[in-house]
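Below are the chains, spelled out letter by letter.
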Amino acid sequence: MSHRVPGAGRFPDRAAPGGELDRLVGDGARTVGAGAVWAVGDAGGTLGGGSHGVLGQGPYARLRPGPDTLYDLASLTKVVALWPCAGVLRQSGRLPLDEPLGRWWPPAAGHPTGEVTVRQLLAHTAGMLPYTRFEQLYGRDPAAIRAGVLAAPLHRPPGTAVEYTDRAAVLLAHLVEDLGGAPLDELAARWVWGPLGMTDTRYGPLDGALAARTAPTEYEAGAGTHLCGVVHDPSARLLGGVSGNAGAFSTARDLARFLTALLAPPPGAPWGEPWIDESLREHTGGLAPARGLSWLHAPGTDPAGGTFVHYGFTGTGFWVSRRLGRWALLLTNKVHYDRGIQQLTDLRNAFRRAVFGQASPPALIRVD
């Protein structure tokens, strides 16, 4: 069965090798200056994909990306690792969404974060501080950082604004690990990645064989080289590389399995239905920008289409629409070159329009 985007031809034809989507990404990758891997699919799996450019500068200029290239997912970790693990706990009755944390989770009792709910953490309406500054505020010890996040004052009353912050994911990961009885990397591998056959997906640091097929990110002065197989996000690095906000690495091949599962959840998946259905709808009560649970309503799309997105600071991103029965991913390592975002934003928007259509001009909001 073919799916249609308003004003477009047959979607499988446009996703074919050398087709419209491949040309769009190829042209965009040259403008962005970073190699790119893309794929689109439906509930049956991948319909098309491709790769363009090279992985980077210097020795990386000899390497080309592909479906088995590992990328630092950055904030896609929030969706690929943390969100489904929260779903397992939710569906097993261990994770209430609307009860303030301080009433049922002892570590939050007596702290400002005890006023917030899991739903607010997932929808970024918890009112937590919008910045991290973990080393400056709490030092380098992971336990001290988690304690500092728990005890920090709120930035604004919970439920009054949508404000994206990595602190929400760090706090929720602490809660998920406490309830799940294991570190987040172990829970994600056991509950999500292993059952889906996502054999490349893991937290870093990556060993030599895996690092050899990993896209490099930013130059790190302290190391004297580009980071490759070590998480780019400094907060996740302080937390040992395993965090709710960042730290996971994956490939287009594995992410295609994950996104396909959102449209066709495996029978008996402990984080499948009804968690997916509950998450991919608005949970921000009319506040803007509209968000689901972990996911963002894709800017520039018709809300009725139910197209959701998440981006990663390193240059990664993926989209899904259950109504259209379609998913898409676009992976780059933009920060390897610089932190300029406009050209990557233009490519992402053009790619999203080609796959899902457009209803209105995209808003300028932080969604990394």
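Residues numbered from 1 in each chain as written. Predicted model: local features only at pLDDT ≥ 70, side-chain atom pairs only at ≥ 80, totals over all residues. Heavy atoms only, no water.

Report on the sheet that holds strand β3 (residues 71-72), specifying residues and quantitative values.
Read across the open sheet, the 3 strands follow the order β3-β7-β4; overall the sheet is antiparallel. Each of the sheet's edge strands pairs with one partner strand only, and the pair in question is β3 and β4 (202-203). The pairing of β3 with strand β7 (residues 248-250) spans 2 bridges and is antiparallel. Paired with tyrosine 71 across the two strands is serine 250, which belongs to β7. (Pairing = 2+ DSSP bridges. Helix = DSSP H or I, 4+ residues; strand = E, 2+ residues; numbered from the N terminus.)

Summarise the packing of helix α6 (residues 142-151) against helix α7 (residues 166-180); cite the residues concerned and give the values.
Contact geometry of α6 with α7 gives a least axis separation of 10 Å together with a crossing angle of 110°. Here α6 is positioned roughly perpendicular relative to α7, judged by the angle of their axes. The hand of the α6/α7 crossing is left-handed. Taken together, the residues of α7 that come into contact with α6 (itself represented by Arg146, Val149 and Leu150) are Arg167, Val170, Leu171, His174 and Glu177. Split into classes, the residues belonging to the contact of α6 with α7 amount to 4 nonpolar, 1 polar and 3 charged. (Axes fitted to C-alpha atoms, helices over the stretch in contact; angles between N-to-C directions. Parallel < 35°, antiparallel > 145°, perpendicular 65-115°, else oblique. Left-handed = near helix turned anticlockwise from the far one by under 90°. Contact = heavy atoms within 4.5 Å. Nonpolar A, V, L, I, M, F, W, Y, C, P; charged D, E, K, R; others polar.)

So what's going on with the sheet that holds strand β2 (residues 45-52)? Which residues, and what values?
Read across the open sheet, the 6 strands follow the order β2-β1-β11-β10-β9-β8; overall the sheet is antiparallel. In the strand order of this sheet, the two ends are held by β2 and β8 (296-297), each with one partner. With 7 bridges joining them, strand β1 (residues 36-42) and β2 adopt antiparallel strand pairing. Bridging across to β2, tryptophan 38 finds its partner in glycine 50. The strands that helix α13 (residues 342-356) touches are β1, β9 (307-312), β10 (316-321) and β11 (326-332); relative to β11, the one it contacts most, it runs at about 160°.

Please give an account of the pairing of β1 that cites residues and values.
Most of β1 is tucked away, with 7 of its 7 residues classed as buried. Burial along β1 is two-sided: the face carrying Ala36, Trp38, Val40 and Asp42 and the face carrying Val37, Ala39 and Gly41 are both buried. Here β1 hands over to β2 after 2 residues, the two strands then running antiparallel side by side. Bridging between β1 and β11 involves 6 bridges; their strand directions are antiparallel. Bridge pairing in β11 links glycine 41 to tryptophan 327. (Buried < 20%, exposed > 50% of the residue type's maximum accessible area, 1.4 Å probe, protein only.)

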